[in-house]
Amino acid sequence: TEAGAVPAAQRGSWTSFVKSIASFSGDLSSMTAPPFILSPISLTEFPAYWLERPELFAAIADGVDAEDRALRVLKWFISTLKGQYTSRNEKLGSEKKPLNPVLGELFYGTWPDKNGRGETKLLVEQVSHHPPITAYHITNTSKHLTLQGHNAQKTSFATGSIFVKQIGHAILTYQPPGKEAEKYLITLPKLRIDGIWYGAPYVELTDNGYIQSSTGYLASIEYKGKGYFSGKAHSIKAIFGPSNDATNPTVTVEGQWDTITKVTAANGAKHAKSGSVFTDVTSPKEEVTVAPLDQQGEWETRKLWEKVAAGIRGGDFEAASKDKTRIENEQRQRRRDEAAAGTPWQLKHFLHVDNDADYAALAGMFTGTGVIPTEDCYVFKSAAGSS
Ligand code: HCR
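Below: a short report on this structure. (Residues numbered from 1 in each chain as written. Predicted model: local features only at pLDDT ≥ 70, side-chain atom pairs only at ≥ 80, totals over all residues. Heavy atoms only, no water.)

Turning next to empty space enclosed by the protein. Tallying each qualifying case throughout the model produces 3 cavities of 30 Å³ or more. Approximately 790 Å³ is the volume found for the largest cavity. If you trace the largest cavity, you find 35 residues lining it, with Leu43, Phe46, Pro98, Gln153 and Ile193 closest to the centre. Elements represented by at least two residues in the lining of the largest cavity include exactly helix H1 (11–22), helix H3 (66–92), strand S2 (97–99), strand S6 (145–158), strand S7 (161–174) and strand S9 (190–194). Here the lining of the largest cavity is built from residues that sort into 21 nonpolar, 9 polar and 5 charged. (1 Å grid on protein atoms, 1.4 Å probe; cavity = no way out; pocket = protein on both sides within 12 Å on 5 of 7 lines; lining within 4 Å. Points joined across faces, edges and corners; volume = space filled by probe spheres on them. Helix = DSSP H or I, 4+ residues; strand = E, 2+ residues; numbered from the N terminus. Nonpolar A, V, L, I, M, F, W, Y, C, P; charged D, E, K, R; others polar.)

Laid out in structure tokens, this is it:
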């Protein structure tokens, strides 16, 4: 039946929500949606998806040479996609509308050291509210690895689906002591959200993404859904090799990003074997560890949204909406006070830069893709300013 996943009492409001997104383009986060589609989790928690397979992240540092490490970066990256794009369906039944973070909202977490992989720390800050932009910094000090990036989304609606272009990128740095830093620019896929009409949204990835390394390796990634080259949902094909020799790739990886991908290796490939499994994400992943609520500060996301989240989880939408309105009004008042005093909000962990030199250098190594526009960036301030 139409709108089959929508509770009967919310069909009318779902229909008008869908109609309003159809005639709207821009910031979905600010639109009011019916209760059944609300998630109790803020977008500031999403960067944790990067590290839910901490051993694969740590393993990048164990690569024996630059080619091996670049392949390990690709392996780790593909292995994060299932968590990033399907975990709300698994946990909450469908993709849901996350809480729209407030300016200055924070999220901190860790993955403990296990089996010599080292401890990994996550730090997230909402660095802009209009448009919503989330910045993150993830470090595994003992493996000399850092992932830093920022995310925003531009949405549009066509043929019954929501299309989401991700603005932003991530840069992974591997810097062992006394050696030159190795960097990787990671661009983000486009999303198509289907199943809207039925009230059961889910994400398919489309178009292309790239991972360019400062050591000269490029992974060109193609995302396709059902009915395209493999006929299966969540398909991926990545072509990997020296970026100055795109016609002669050393490794091709193909399969499903939510289950298994396999390798086809050309003669020159040193670190991959044809027919071998490249990524397998069918085993459980490891969620981030977060401090208990009573030890969190007022700007930390779970503390900040505590009552709203409890309302959504417990079905008390009136309480949820009341506290959400309180938070939003407080934010508006704060902005008015700042404007009146001439003292704008200060970011805690990040600095806005017009053009990040690392990003420009890595983006400049791309040949022929034409996909990298100049971008505003948010870079991590420094360890000294981070506590
Ligand atoms: C588009 C989306 C918000 C953004 C989410 C992002 C792109 C955030 C960065 C993560 O690394 C990856 C990621 C995964 C999510 O799939 C994506 C969300 C899917 C839906 C949500 C919309 C703003 C909500 C649409 C509202 C509908 C479903 C009712």
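On to the site of the ligand. Close contacts around the ligand come from 18 residues, with Gln84, Arg88, Glu95, Gln166 and Val203 the closest. Here an oxygen atom of the ligand sits 2.8 Å away from a polar atom, N or O, in the side chain of Arg88. Comparing atom positions with the cavity grids shows the ligand to sit within the largest cavity. Breaking the shell around the ligand down by element, the ones donating at least two residues are H1, H3, S6, S7 and S9. When residues in the shell around the ligand are grouped by element, the largest group, 3 residues, is from H3. (Near = heavy atom within 4 Å. Polar contact = N/O pair within 3.5 Å; in protein donor to acceptor, adjacent residues only side chain to side chain. Sits in = over half its atoms within 2 Å of the grid points.)

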